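# Topology and contacts: notes
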Amino acid sequence: MRPTIRTPLAVTTLLVLLAGCGGGPEEAPEGPGGRPTARPSAQGLGDIVVAGRPVTGSEPSGVKKIPFQRTYTDGALYAPVTGYRSLAFGRSGLEAVYDSDLSRGSDVVTTIEPAAQKAAFTALGDDEGAAVALDASTGDLLVVVSTPSYDPAGFSGRLPADAEAWRELNQDSRRPLRDRALRDATAPGGTFDVVIAAAALEHGLYRSADEPTRTGGSGDCAGASIRTALAKACGDVFAAMADALGTGKIRETARAFGFDDRELFVPLRTASSTYGPDGTSTATPLQMARVAAALADGGRLAPPRLVAQVEKPAVRAVSERTAAALLPAVRAADMWVPAEEEDGTPLSWSLAYARTDDGRTVALAARVAHADPAAAGRVTRQMAAALA
């Protein structure tokens, strides 16, 4: 039996070196192309494992210095997790972070739940989007999906066909190499209202989520409580609430939830979600899943992780009282105010929860480039059904 990697061996030191240079415009290789970084195993490359099943393999390459070439099972489904390993174009994702261990024949065990991963991938279909499912207590990433995706097997070698596949991926206007789940921060739309609501409760603007608001809104949203305003997607209420709070108080709460963290690794490199001086915000699906997860875990924010490892301590994002007040409101919300990309592309967002058959609470986040505001909600519902 070959060794299994469950802990990040020297990852803290290596991440900065592995995570940022070279390669294509969307998904930079995280290791040098065409050169082994460790003495290769005579038995082949170690595998990346999902729920006890390898989703990678290896076969002889015919190259003496790099004797094995990577193969993939369900490559497009797991590409945001595995990354790619190419004889010609380097490595990315877990293939890069754990390159030395995999080269020596050790396996890397992920936290991904295959049924939920497939459900999210299928629900997103041909849309440009992403989905994340996060165990609220442990921080285990159960789903990391980005679409459109790519099959890393298409360019794992060094033949002309591999070069052509690589060229096509990098020239594709839909940017399949882009990791929309972990590395693509966009306007979060109405999901950021949860952060504003938390700031209002944490800083005493309102005593409870059921107190009538004094800020903005008309029709059914006029004077709506925080709970009702979240459920009815009353964007005007939260815009006025943000003005009443001021950017300083909102920034404090946003940072407690993990915004503006430029050193978050899972262990893959992630993009920083931001709250700017002018009150504008950007967020990845991972970040909004973290916000939802903190509410479900009594205000604690567990570090997210894609590989089973020694647990890192959680930090407190908001008080237990605030978490308890907002959790039912977020659970009840089935529609979120949509956002737009800088080029005007409409973005549908959804936050939701699932409960697994063994009692775990899982925070779900999805973002879809779609004119239908309900598009992302369809994705989170499919994930929830697969996890139940």
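Residues numbered from 1 in each chain as written. Predicted model: local features only at pLDDT ≥ 70, side-chain atom pairs only at ≥ 80, totals over all residues. Heavy atoms only, no water.

### Regarding the packing of helix 2 (residues 75–82) against helix 5 (residues 114–124)
- Between helix 2 and helix 5, the least distance of the axes is 10 Å, while the angle of their chain directions is 110°. With respect to helix 5, the axis of helix 2 lies roughly perpendicular. Between helix 2 and helix 5, the residues in contact are Ala-76, Leu-77, Tyr-78 and Val-81 and Pro-114, Gln-117, Lys-118 and Phe-121, respectively.
- Its residues placed into classes, the contact of helix 2 with helix 5 shows 6 nonpolar, 1 polar and 1 charged. (Axes fitted to C-alpha atoms, helices over the stretch in contact; angles between N-to-C directions. Helix = DSSP H or I, 4+ residues; strand = E, 2+ residues; numbered from the N terminus. Parallel < 35°, antiparallel > 145°, perpendicular 65-115°, else oblique. Contact = heavy atoms within 4.5 Å. Nonpolar A, V, L, I, M, F, W, Y, C, P; charged D, E, K, R; others polar.)

### Quick look at helix 11 (residues 285–296)
- In a regular helix each residue adds 1.5 Å, so 12 residues correspond to 16 Å; helix 11 covers 17 Å between its end C-alpha atoms and thus fits that length.
- Within helix 11, the full set of buried residues consists of Pro-285, Leu-286, Gln-287, Met-288, Ala-289, Arg-290, Val-291, Ala-292, Ala-293, Ala-294 and Leu-295. (Expected span 1.5 Å × (residues − 1). Buried < 20%, exposed > 50% of the residue type's maximum accessible area, 1.4 Å probe, protein only.)

### Some points on unusual backbone geometry
- Residue Pro-148 follows Thr-147 across a cis peptide bond; omega there is -5°.
- Residue position: Pro-148 is located in the loop between strand 10 (141–147) and helix 6 (160–171).
- Here the residue pair Val-266 and Pro-267 is connected by a cis peptide bond, since its omega of 10° sits within 30 degrees of zero.
- Locating Pro-267 in the fold gives a position in the loop between helix 10 (247–256) and strand 11 (274–275).
- The backbone of Asp-74 shows a phi angle near 55°, a positive value even though the residue is not glycine.
- Asp-74 sits in the partly exposed class, given a relative accessible area of 42%.
- With a phi angle near 65°, Asp-260 is a residue other than glycine that sits in the positive phi range.
- When you line up the elements, Asp-260 lands in the loop between helix 10 and strand 11.

### Considering the sheet that holds strand 9 (residues 129–135)
- Strands sit in the order 10-9-17-16-15 across an open sheet of 5 strands; the sheet is antiparallel. The outermost strands of the open sheet, each flanked by one partner alone, are strand 10 and strand 15 (339–340).
- Pairing geometry for strand 9 and strand 17 (residues 361–369), over 7 bridges, is antiparallel. The residue bridging Asp-135 from the neighbouring strand is Val-362, located in strand 17.
- Along the sheet, helix 11 contacts strand 9, strand 10, strand 16 (346–355) and strand 17; its crossing angle with strand 17, the most-contacted strand, is approximately 150°.
- Taken strand by strand, helix 13 (residues 375–387) contacts strand 9, strand 10, strand 16 and strand 17, and its axis lies near 150° from that of strand 17. (Pairing = 2+ DSSP bridges.)

### Re the packing of aromatic side chains
- For the coordinates displayed, the defined rule picks out 8 aromatic pairs.
- A ring pair is formed by Phe-192 and Tyr-275, whose centres lie 5.6 Å apart and whose planes are at 10°; its orientation type is stacked. Linking Phe-192 in the loop between helix 6 and helix 7 (193–202) with Tyr-275 in strand 11, this pair joins segments that are 83 residues apart in sequence. Here Phe-192 and Tyr-275 have matching classes, each one buried.
- One Lys or Arg, Arg-331, reaches over the ring of Tyr-353 and ends 4.8 Å from the middle of that ring. (Phe/Tyr/Trp six-rings, centres within 6.5 Å; stacked < 30°, edge-to-face > 60°. Lys NZ or Arg CZ within 6 Å of the ring centre and 35° of its normal.)

### What to know about the confidence of the model for the protein
- Averaged over the protein, the pLDDT score is 89; the fraction of residues at 70 or greater is 88%.
- With pLDDT under 50 throughout, residues 7–37 is counted as low confidence; its partners more than four residues away or in other chains account for 74 contacts. (pLDDT = per-residue confidence, 0-100.)

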